[in-house]
There are 2 protein chains.
Amino acid sequence: MKRLQKLNRIYWIYGGIMGLLMIALQIIHYKTMVRDMEIEMYGGIIGVLFLFFGIWLGTSSFKKKSADKYDRQKLGLSKRELEVLELLSQGLSNQEVADKLFVSLNTAKTHISSIYSKLNVKRRTQAIQKARDMALIHPPKE
Amino acid sequence: MKRLQKLNRIYWIYGGIMGLLMIALQIIHYKTMVRDMEIEMYGGIIGVLFLFFGIWLGTSSFKKKSADKYDRQKLGLSKRELEVLELLSQGLSNQEVADKLFVSLNTAKTHISSIYSKLNVKRRTQAIQKARDMALIHPPKE
DNA sequence: GTTTTGATCATCCTTTCGGGTGATTTGTAA
DNA sequence: TTACAAATCACCCGAAAGGATGATCAAAAC
């Protein structure tokens, strides 16, 4: 439900604006009978309108939409695992993760392994990617 | 010189396409005298053309501008190394990189090693991070 | 009070990574 | 022509990462 709305909102907007444009054009058409206008004028108006509409469409539909948080619970990652994931994403080695958390290397490895299985990945690089995609970790500063 | 061309290429393309559109419209205009066409047809053509042009403009010119390519040259990364870096950033293993590029594992490893030394990092995760920071690779989709 | 879960650590084993070195080939620049 | 950079591949070795399994302990859930 919610997801469907979210996914298709852009198309609703698209449809709405298309409709408005069409109505506007019809009004212009019938009100002024068009032929009184230079044909270039008419084309120019349409061109400018659609140009801006296209630019708007292009820029708005390609903005990042920020993944949602419900993912975290679904994946069942524990607090500790999220900590580890955070450190992983900072490019730390297993040993460094262990040191930062004051646990043994084995423990760090255990956490990391369970992270992999919960994220359904095979390598740490993939885990980091997935964590980024799902916004499980703090995004890199910009 | 080269840089100037590179930076302004978008505007050259812009100008070129604008010109072509204008010429095309003029041809349509004079060849068919337009009035033989439905006015809606004419408007529709212009609308569609400018719509797509606008979308193209919007998507291409408003993408994050990414610390640009001069970085790449400064770092001295070769074309091949950038390819490898790209694949690394996708979470592929050395073997997978080798397979994708149709080279041996040894070759892939060589490239990767030289990437590390040029980026001044010790691990692939760090290389990926640095590559992202410097926009040496394509940003994650969305 | 028993069960479950999370966190901790271990051991064994395999695969992957990364460093170092050297060699060949090809294209390009000096 | 020579020189150099880029790309290719090989071999060796040690370190790191990853998989599988099991164990202990404490807190929370039942």
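It should be emphasised that the depicted structure is a prediction, and the values quoted were computed from it without experimental measurement. (Residues numbered from 1 in each chain as written. Chains lettered and ligands numbered in written order. Predicted model: local features only at pLDDT ≥ 70, side-chain atom pairs only at ≥ 80, totals over all residues. Heavy atoms only, no water.)

Novice: Tell me about the overall build of chain A, and name the residues and values.
Specialist: Helix and strand counts for chain A come out as seven helices and zero strands. If you list the helices and strands of chain A from N to C, you get α-α-α-α-α-α-α. Evaluated residue by residue, chain A yields a buried proportion of 36% over its 142 residues. For chain A, the exposed surface amounts to about 9,600 Å²; the carbon and sulfur share of it is 62%. (Helix = DSSP H or I, 4+ residues; strand = E, 2+ residues; numbered from the N terminus. Buried < 20%, exposed > 50% of the residue type's maximum accessible area, 1.4 Å probe, protein only. Areas by Shrake-Rupley, 256 points an atom, 1.4 Å probe, with all protein chains shown as cover.)

Novice: Could you give me a rundown of the nonpolar core, with the residues and numbers involved?
Specialist: Residues L77(B), V84(B), L85(B), L88(B), V97(B), L119(B) and L136(B) are the most contacted members of the largest nonpolar core, which totals 21 residues. Residue assignment for this core shows that the elements contributing at least two residues are α4 (79-89), α5 (94-101), α6 (105-119) and α7 (124-133) of chain B. Excluding its chain neighbours within four sequence positions, the residues that come into contact with V84(B) are V97(B), L101(B), H111(B), I112(B) and I115(B). Counting 20 residues, the second-largest nonpolar core is a separate cluster that includes L77(A), V97(A), A98(A) and A127(A). (Core = buried A, V, L, I, M, F, W, Y, C linked by side-chain atoms within 4.5 Å. Contact = heavy atoms within 4.5 Å.)

Novice: How would you explain unusual backbone geometry if you had to name every residue and give the values?
Specialist: For N120(A), which is not a glycine, the phi torsion comes out positive at approximately 60°. Mapped onto the elements, N120(A) comes out in the loop between α6 (105-119) and α7 (124-133).

Novice: I'd like a rundown of the protein's contact with DNA strand C, residues and numbers included.
Specialist: In the vicinity of DNA strand C, 17 residues are found, and the nearest of them are S78(A), S104(A), N106(A), H111(A) and Y116(B). For DNA strand C, a phosphate oxygen lies 2.8 Å from a polar atom in the backbone of S104(A). Contacts to DNA strand C include N94(B), whose backbone N or O atom sits 2.9 Å from a phosphate oxygen. Residue assignment for the surface near DNA strand C shows that the elements contributing at least two residues are α4 (79-89) and α6 of chain A together with α6 of chain B. With four residues, α6(A) is the single largest residue contributor to the surface near DNA strand C. For the surface near DNA strand C, the class distribution of residues is two nonpolar, eight polar and seven charged. (Near = heavy atom within 4 Å. Polar contact = N/O pair within 3.5 Å; in protein donor to acceptor, adjacent residues only side chain to side chain. Nonpolar A, V, L, I, M, F, W, Y, C, P; charged D, E, K, R; others polar.)

Limitation: the analysis is restricted to geometry and does not speak to function.
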